[in-house]
Amino acid sequence: MSEAEADCLFCRVVAGELPSTIVRETDTVVAFRDINPQAPTHVLVIPRTHYADAAEVGREEPSLLVDMLAVAAAVAEEEGLTTTGYRTLFNTGADAGQTVFHAHLHLLGGEPLGGLVGGVLKAPSDA
């Protein structure tokens, strides 16, 4: 774990160095819209402190996982997803689809999401 890593995309979002559409911030996390959304609502909830993945967060600062889920639930309510449902998802490791190695929670909703595995990510032009 480190405060920030210069080459980390999400550390740069936290630092305000990269543009993002932030939907909620707390002292511990930042939530912003995914640039390649896989559902009508696709928000990433990331810790302000750099951790490589959710497993590292769980080992080093488990209460941060609670913060991330609480922010995801608040955003889901704000987005009107609580009556129809939404998905929260951590990808941990390359085989699980993690492409940015800064822990992040996906909040997805706004349409029926279907199965969880085996699907193909939507291309940016499909969004």
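Use the structure listed above.
A brief structural summary. (Residues numbered from 1 in each chain as written. Predicted model: local features only at pLDDT ≥ 70, side-chain atom pairs only at ≥ 80, totals over all residues. Heavy atoms only, no water.)

Below, the discussion takes up the state of the cysteines. Scanning all chains against the criterion turns up 0 disulfides. Here Cys8 stays free of any disulfide, with the sulfur of Cys11 as its closest cysteine sulfur at 3.6 Å. Here Cys8 falls in the buried class, since its relative accessible area comes to 7%. (Disulfide = S-S within 2.5 Å. Buried < 20%, exposed > 50% of the residue type's maximum accessible area, 1.4 Å probe, protein only.)

Taking 1.5 Å per residue, 17 residues should reach 24 Å; helix H3 (residues 62–78) reaches 25 Å between its end C-alpha atoms and fits that length. Taken residue by residue, H3 has Leu64, Met68, Val71, Ala72, Val75 and Ala76 as its buried positions. Down the axis of H3, the sector holding all buried residues measures 140°, keeping them to one side. Set apart from the buried face of H3 by more than 90 degrees, the exposed residues are Val66 and Glu77. (Helix = DSSP H or I, 4+ residues; strand = E, 2+ residues; numbered from the N terminus. Expected span 1.5 Å × (residues − 1). Arc of directions from axis to C-beta.)

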